[in-house]
Amino acid sequence: MRQLSGNISRSTHAGFLPTDAEKAEREKERGRALEREHVATGDIGFLHEALDAYDKAIQLDFCNHNAWANKAWSLWKLGERYRAEDLVGFAKLLRPDSRHVMDVEARMTDGKR
């Protein structure tokens, strides 16, 4: 988490980051739907597809804290605990007061999948 925070705080870019909040939100919701398919079927392929959707959402809106938290939750369910913890920590940096981010962190802390 510190490494991720440090890299971001040291990074600079020559121009503006492209954002499209509406498309990002659609991709995030597509990821959520894929996660629900995983729950219904047990097929982990849906989690990998959800991760792709969250990555697209983040590319479209880097500050979408919910996409970061959802990506963390999908990684957690795939057993990638440390990456998940880093990402949910980053989501907290983006939006410390987000109930959703706090909920994802609590589920991870409780060890739920």
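Residue indices follow the written sequence of each chain, beginning from 1 at its first position. Only residues with pLDDT of at least 70 get local features here, since the model is predicted, and only at 80 or more are side-chain atom pairs given and counted; chain-wide, interface and lining totals rely on the full set of residues. As a rule here, side-chain values come from all non-hydrogen atoms in the structure, and water together with hydrogens is ignored.

Draft legend 1. Summary view of the overall build of the protein. Helix numbering and strand numbering both begin at the N terminus, where a helix is a DSSP run of H or I of at least 4 residues and a strand a DSSP run of E of at least 2. Across its full length, the protein carries six helices and zero strands. The N-to-C order of helical and strand elements in the protein reads α-α-α-α-α-α. Throughout, exposure labels follow a simple rule: accessible area from a 1.4 Å probe, protein chains only, divided by the maximum for the residue type, with under 20% read as buried, over 50% as exposed, and the rest as partly exposed. Within the span of the protein, comprising 113 residues, buried residues form 36% of the whole. In the protein, once contacts between residues fewer than 6 apart in sequence are set aside, the share between residues at least 24 apart is 60%. Here the open area of atoms and residues is found with the Shrake-Rupley method and a 1.4 Å probe, where only the protein chains shown may cover a residue. Carbon and sulfur atoms form 52% of the exposed surface of the protein, whose accessible area is close to 7,100 Å². Contact between two residues is taken to exist if any of their heavy atoms lie within 4.5 Å; hydrogens are not considered.

Draft legend 2. Representation of the packing of aromatic side chains. For Phe, Tyr and Trp, rings pair up if their centres lie within 6.5 Å, where Trp contributes its six-membered ring, and each pair is then called stacked (planes under 30 degrees apart), edge-to-face (over 60) or tilted (otherwise). Inspection of every chain in the model, using the stated rule, returns three aromatic pairs. Measuring from ring centre to ring centre gives 5.4 Å for Phe-62 and Trp-68, while their planes differ by 85°; the resulting arrangement is edge-to-face. Residue Trp-68 is classed as buried on the basis of its relative accessible area, which comes to 9%. A network of ring pairs unites the aromatic residues Phe-62, Trp-68 and Phe-90 as a single cluster. Positioned over the ring face of Trp-73 is Arg-107, at 4.4 Å from the centre of the ring. To sit over a ring, a charge needs its Lys NZ or Arg CZ within 6 Å of the ring centre and within 35 degrees of the ring normal.

Draft legend 3. Broad picture of the nonpolar core. Core analysis: the largest hydrophobic core is formed by 19 residues, its most contacted members being Trp-68, Ala-84, Val-88, Val-104 and Met-108. Within the residue set of this core, elements represented by two or more residues are helix H3 (45-60), helix H4 (65-77), helix H5 (81-94) and helix H6 (99-110). Here the element with the most residues in this core is H4; it accounts for seven residues. Put simply, a nonpolar core is a bunch of buried Ala, Val, Leu, Ile, Met, Phe, Trp, Tyr and Cys residues held in one set by side-chain atoms that sit within 4.5 Å of each other.

Draft legend 4. Up close: the packing of helix H2 (residues 21-41) against H3. Axis definition: a line fitted to C-alpha atoms, over the contacting stretch in the case of helices. Angles run 0 to 180 degrees between N-to-C directions. Interhelical geometry of H2 versus H3 gives an angle of 170° and a closest axis separation of 8 Å. If you check the angle between H2 and H3, you find them roughly antiparallel. Crossing geometry of H2 relative to H3 is assigned as left-handed. Every residue of H3 that contacts H2 at Lys-23, Ala-24, Glu-27, Lys-28, Arg-30, Gly-31, Arg-32, Leu-34, Glu-35, Glu-37, His-38 and Thr-41 is listed here: Phe-46, Leu-47, Glu-49, Ala-50, Ala-53, Tyr-54, Lys-56, Ala-57 and Leu-60. Residues belonging to the contact of H2 with H3 are distributed by class as follows: nine nonpolar, three polar and nine charged. By definition in this entry, angles of less than 35 degrees are roughly parallel, angles greater than 145 are roughly antiparallel, angles of 65 to 115 are roughly perpendicular, and the rest are oblique. The hand of a helix crossing depends on one turn: near helix anticlockwise from the far one by less than a right angle means left-handed, and clockwise means right-handed. Residues are sorted three ways: Asp, Glu, Lys and Arg are charged, Ala, Val, Leu, Ile, Met, Phe, Trp, Tyr, Cys and Pro are nonpolar, and all the rest, Gly among them, are polar.

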